[in-house]
Amino acid sequence: MSYITDFHTHIGLKLANNENIKDLWVFEENKPPRRFFFFFNFWKNFFLKQTYTQYATFTQCNLENCVDGHLRVQICSIYPIERQYINRKNFWLLLMASLTFFTKTFPFIPIFMKKRNVLFSLAQIVIGISKKRSEEIWKEQKSLDNRIDYFKDYLKELQVLKDAQNSKSNKPQYAQNTFKLVRNYEEFQANIQNKNVLLGIISAEGIHSFGDYKLKHLFRDTSIESISDSERQKLLLSMRRNIDKVKKKDAFSPFYVTFAHHYNNLFCGHSKSFKFPITLFFKQKNALDKGLYSYGEQIIRSLLERGPEKRRVLIDIKHMSIETRKDFYKIIDEYNKDVAFEDFQNKVPIISSHTAVNGNTTWEASVKLACKKEANKGYVSRCDVNVCDEDILQIYKSSGIIGILMHDGRMPGKKYLKKLKALKEQPKERMLLQQQLFLTNVYHIIHVLYQKDLKDGMWDIITLGSDMDGLIDPFDDYTTAGDLLAFRNHIWEYLDNYETIPEDYHIVNLMKSPDGNIKLSLDELNALNMGLSTTEIVNRIFYKNFDLFLSRYFTDNYLFGN
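Residues numbered from 1 in each chain as written. Predicted model: local features only at pLDDT ≥ 70, side-chain atom pairs only at ≥ 80, totals over all residues. Heavy atoms only, no water.

S.K.: Got a minute to help me understand the nonpolar core in this structure?
M.R.: Here is a general trend for soluble globular proteins: nonpolar side chains tend to be buried in one another's company. Judged by nonpolar contacts, the single largest core of 148 residues is most densely connected at Phe255, Phe259, Phe438 and Tyr443. For this core, the element with the most residues is helix H16 (residues 427-451), which contributes 11 residues. Ranked by size, the runner-up nonpolar core spans 22 residues in total, among them Leu122, Phe274, Leu280 and Phe281. (Core = buried A, V, L, I, M, F, W, Y, C linked by side-chain atoms within 4.5 Å. Buried < 20%, exposed > 50% of the residue type's maximum accessible area, 1.4 Å probe, protein only. Helix = DSSP H or I, 4+ residues; strand = E, 2+ residues; numbered from the N terminus.)

S.K.: Whenever I open this one, the pattern of salt bridges confuses me. Can you help?
M.R.: Two side chains that carry opposite charge are able to pair once their charged atoms sit near each other. Evaluation of the coordinates by the stated rule reveals 28 salt bridges. Asp504 is paired through a salt bridge with Lys519; the nearest N and O atoms lie 4.0 Å apart. Highlighted residues: Asp504 in the loop between helix H17 (484-496) and helix H18 (522-529) and Lys519 in the loop between H17 and H18, separated in sequence by 15 residues. When its relative accessible area of 42% is taken as the criterion, Asp504 is described as partly exposed. A salt bridge links Lys544 to Glu536, with the nearest nitrogen and oxygen atoms 3.1 Å apart. For Lys544, a relative accessible area of 31% translates into the label partly exposed. If you follow the salt bridges from partner to partner, you end up with Arg83, Arg133, Glu136, Glu140 and Asp153 in one network. (Salt bridge = Lys/Arg side-chain N within 4 Å of Asp/Glu carboxyl O.)

S.K.: Please clarify how the confidence of the model for the protein chain should be interpreted in this entry.
M.R.: The predicted coordinates ought not to be read in detail in places where the model reports low pLDDT. Across the protein chain, the average pLDDT comes to 89, with 90% of residues at or above 70. Here residues 35-45 is modelled with pLDDT under 50, and outside its nearest four sequence neighbours on either side it reaches 24 contacts, counting other chains as well. Note that pLDDT drops below 50 for residues 101-113; the model gives that stretch 22 contacts with residues more than four away or on any other chain. (pLDDT = per-residue confidence, 0-100. Contact = heavy atoms within 4.5 Å.)

S.K.: It is not clear to me how the environment of Leu158 should be interpreted in this structure. Could you clarify?
M.R.: With respect to the helices, strands and loops of the structure, Leu158 is situated in helix H7 (residues 150-163). Under the relative-accessibility criterion, Leu158 is labelled buried at 9%. For the pair formed by Leu158 and Ser203, sequence separation is 45 residues and the distance between their alpha carbons is 9.8 Å. Excluding residues that lie within four positions of it along the chain, Leu158 makes contacts with Ile78, Ile202 and Phe252.

S.K.: Any chance you could explain the pairing of strand S2 (residues 71-78) here in plain terms?
M.R.: Two faces, one strand: in a regular strand the side chains alternate between the faces of the sheet. Burial within S2 is extensive, with eight of its eight residues counted as buried. Across four bridges, the pairing between strand S1 (residues 4-9) and S2 is parallel. Looking at S2, one finds that Thr9 is bridged to Cys76. Of the pairings in the sheet, the one linking S2 to strand S5 (residues 197-205) comprises six bridges and is parallel in character. Along S5, the bridge assignment pairs Cys76 with Ile202. (Pairing = 2+ DSSP bridges.)

S.K.: Looking at this structure, I do not really get the packing of helix H15 (residues 414-422) against H16. What am I missing?
M.R.: Axis angle and axis distance: for two packed helices, these are the angle between their axes and the distance between the axes, and together they describe the pair. Where H15 meets H16, the axes come as close as 9 Å, and the angle between the chain directions of the two elements is 160 degrees. On the basis of their axis angle, the class for H15 and H16 is roughly antiparallel. Where H15 crosses over H16, the handedness of that crossing is left-handed. Across the interface between the two elements, Tyr416, Lys419 and Leu420 of H15 pack against Arg430, Leu433, Gln434 and Leu437 of H16. Of the residues that constitute the contact of H15 with H16, the class distribution is four nonpolar, one polar and two charged. (Axes fitted to C-alpha atoms, helices over the stretch in contact; angles between N-to-C directions. Parallel < 35°, antiparallel > 145°, perpendicular 65-115°, else oblique. Left-handed = near helix turned anticlockwise from the far one by under 90°. Nonpolar A, V, L, I, M, F, W, Y, C, P; charged D, E, K, R; others polar.)

Shown next as structure tokens:
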């Protein structure tokens, strides 16, 4: 067993947006917001319990945790916070504020809590940002004619990561460890042999990261094609200018960009990613489920362009709507036309950096279920934000990669969650259930490819993409990067002792049973393993496939087309 890698984390997000978190090394907890409801348990349980107790209100992949969990390499996703989170106009927010008539705050008892304070507390819980940062975003909305330059936020978080380079912890047990950003595979190879060095690779979450927007266009149901010519040119100019900056040869360029995210970016549609009751306050309706707009295609092509002084930036499909994904696949098919399967120098791989499987066979089935009530009844969530079998085939065809989440919010359906709740006082069985969920995702991907007789390289496309320090509800027993070593070892033990594990905790055969009733037999598991040992499979998931992908697509030769 070797080190562990993670294809998608947000190590700098909380530090860049919370003045109370001052160090990338140490574990920090967000101070819990003042309880809204003092007398009425119904409201406290309905609201606070379903938010504060679910989201990771602490740093997950701070560097000391990374050392403890043997997380040596992570792709550090930079995320300028979308302004639609702090939205002044919301009926449910007003109602929630009104109900705080019953709030008791010593020595004063206010008649009403300002709705902005309710929203600030929500943002503190869900995103991890401070009240001060929330107030800054709130004040920006004094006029929706104000402009937001997201690239300034991008550069601020990038600077947090750059400043952490060569820094050290104050604790003696971590004094020998340090952090370093790498620009390419050559730098990666030069540093990975030093066991005391933690490595970071930059990515960006959301194409909005490079845009200068007028607020009113973000809050209204508009696309770049529907705004005025002058505003469109301003936005496109800012995008192209900033993308050119991050593509320069000596820059810490993003390895990939997660093109869509939670809200309208004017260039493409996104998938629904929040669940009730959060959806009452964080509304994703604008551009939900829309396709790729024509100017979005231009931006994708500018990211993928490469030359002696222009570095290629790959595209991540996570959060794209089904329609946007289908449009994007057509573009990639054009790039990869007549390119041999293993001609990696000339391939454009499709990335799904932090996702789960939904068990749907087709895009049509995913669209039909969307994220409606029926989508969450079974063992896994069948919401369209997760990948279906057709997505898996597209990613494989492009020699791409899929990062599997560790997320109790987006991965499971109600059947799993009901069982998880019943095992609250049984830690051994609860951990088995979380291992089962993770491996059900892994083996469904393999099963899809195996059934299509796409066995060449099928075990090369899966890795860990935890999304730690993002907006996630982490696994109950593996909450931080410090738990990753134990998680990897438990996955190894699970697979190596599959025959002795109670059948109820065996890997679910989603092909036959989306509700989780039919499990993979030992013979079926061995067939899917294709002769690989447990150690080889675990190593592929937790570091080898990450390394392999870097060796193909993170070299200067590939990125600049030399």
